[in-house]
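Residue strings, one per chain:
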Amino acid sequence: MADNVGFIAKQYIKAYMNTSYLPSIYEKYCKIHDVNYNKVIFADAHSDRMSSNMLPIYKRLSEAGYEIKNMCIDMDRLSPMQALRYMKTFMKEYASARYVFISSYFLPVASCNKRKETKVIELWHAGGMLKKMGYDAKDDIPPYFKGNPTKNFDLVTVSADFCISAYESAFKLEPGVARSTGIARTDLYYDDEYNKKCIDRFYNMYPNAMGKKICLFAPSFSGNAAHPVCASYTPELMKAFDELSDEWFFITKLHPNMEKKHPEVSCKLSTEELYAPCDLLITDYSSLVFDFMIYNKPFILYAPDIKRYMKERGFYIEISMLPAPVVKNTEDLKKLLKGGSWKRDPAEIEKCRQIYMEKCDGHAVDRILSAAGIEA
């Protein structure tokens, strides 16, 4: 109860900051500084590192000579005073920036009436369209939050034409803001040298996996970011994995919000680095199934709480339309893994990829820069 009260209080503080304090800081620096047309900001409030969608954009713009400001930070690790200083500094830089790249909700970007010369590009972290999000979901934007976290978006990168309507609904976007450019990080998946390095790195870290089929277990989470839960990550499932270990090597990669609760469990390699060495993916409702489709490998949806999840959050598509079995308990999952019926026709996976990841073809970064009007 105390945690919930604290979480709600924190949201009210955020609302005040974003509707009163931060706009005043922005307006102050707009009066002092003109827009610097060579200045680019990469910002994130959830990690000290640039996201996998930011990195290829950062590389291109750095090589082209743009002035880059890296403002990625994990706000949870900051004291209130440190967080205040960070946000004040961001608003100062924001006031004179030409381009701002974010890859998730970043409330300071939406706190003000930004200059028309400044473009905000949302490199949203999910490909495809699966679970509901944003204004279409109950938990993403709580009713007590004042303001619009998607305000000021000039471009939202989407993986395929088919997905645009879902993003327009979730973020309340005007037509033309969400564009099917492809997802920046997916360009690397077509790089043979990158994939070989991922495989070599995996076996150097896990030599016991040699000679076994490799399964990546990468569940999502439900609830909010402050109190994430994962119904599929259970002792029963871990026991089932152990019982199948003669034939399979299982690697667990938790969602970043869950990793903070279980840092000893989750693999230290990035999720993207695990696609190449793995033969199979097991997840619940994570959008990374769409990334995995690019490798044309099978996946299983292990969803013991699917009825509750559909009621509380819901999906944009019928989950049964995906080329994967939906499993609700560990016994059925073990049977599936033992019997080989987890395999899928590659043509079936490719057909689905063409629908949901159509523009993730190795040239997404080029399209994103073009859509943003950036020469690099």
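Residues numbered from 1 in each chain as written. Predicted model: local features only at pLDDT ≥ 70, side-chain atom pairs only at ≥ 80, totals over all residues. Heavy atoms only, no water.

Asks: It is not clear to me how the packing of helix H2 (residues 54-63) against helix H13 (residues 364-372) should be interpreted in this structure. Could you clarify?
Replies: The axes of two packed helices give the description: the angle between them and the distance between them. At a closest axis distance of 10 Å, the pairing of H2 and H13 adopts a crossing angle of 65°. Overall, the two elements H2 and H13 adopt an arrangement that is roughly perpendicular. The handedness of the crossing between H2 and H13 comes out as right-handed. Residues Pro56, Ile57, Arg60 and Leu61 of H2 touch H13, and the partners they reach there are Val365, Asp366, Ile368 and Leu369. Looking at side-chain class alone, the contact of H2 with H13 contains six nonpolar, no polar and two charged residues. (Axes fitted to C-alpha atoms, helices over the stretch in contact; angles between N-to-C directions. Helix = DSSP H or I, 4+ residues; strand = E, 2+ residues; numbered from the N terminus. Parallel < 35°, antiparallel > 145°, perpendicular 65-115°, else oblique. Left-handed = near helix turned anticlockwise from the far one by under 90°. Contact = heavy atoms within 4.5 Å. Nonpolar A, V, L, I, M, F, W, Y, C, P; charged D, E, K, R; others polar.)

Asks: Sorry if this is basic, but what is going on with the sheet that holds strand E6 (residues 178-180) here?
Replies: What links the strands of a sheet is backbone hydrogen bonding, and the strands pair in either a parallel or an antiparallel sense. In space, the six strands of this open sheet follow the order E2-E1-E3-E4-E5-E6, with parallel pairing throughout. Lying at the two open borders of the sheet, with one neighbouring strand each, are strand E2 (67-72) and E6. Pairwise comparison of adjacent strand axes, ignoring direction, gives a mean angle of 25° for this sheet. Alignment of strand E4 (residues 119-122) against strand E5 (residues 155-158), held across two bridges, turns out to be parallel. Within E5, the position partnered with Ile121 by the bridge is Leu155. The sheet contacts of H2 involve strand E1 (36-44), E2 and strand E3 (97-102), and relative to E1 the element is tilted by about 160°. Along the sheet, helix H3 (residues 80-94) contacts E1, E2, E3 and E4; its crossing angle with E1, the most-contacted strand, is approximately 150°. (Pairing = 2+ DSSP bridges.)

Asks: Explain the environment of Trp124 to me, please; I cannot follow it from the model alone.
Replies: Looking at the secondary structure, you find Trp124 in the loop between E4 and E5. Accessibility expressed as a relative area gives 4% for Trp124, which makes it buried. Here the alpha-carbon distance between Trp124 and Ala184, two residues 60 residues apart in the chain, equals 9.7 Å. With residues up to four places along the chain from it excluded, the contact list for Trp124 reads Asn53, Ser103, Ser104, Tyr105, Met133, Thr157, Tyr167, Phe171 and Ile183. (Buried < 20%, exposed > 50% of the residue type's maximum accessible area, 1.4 Å probe, protein only.)

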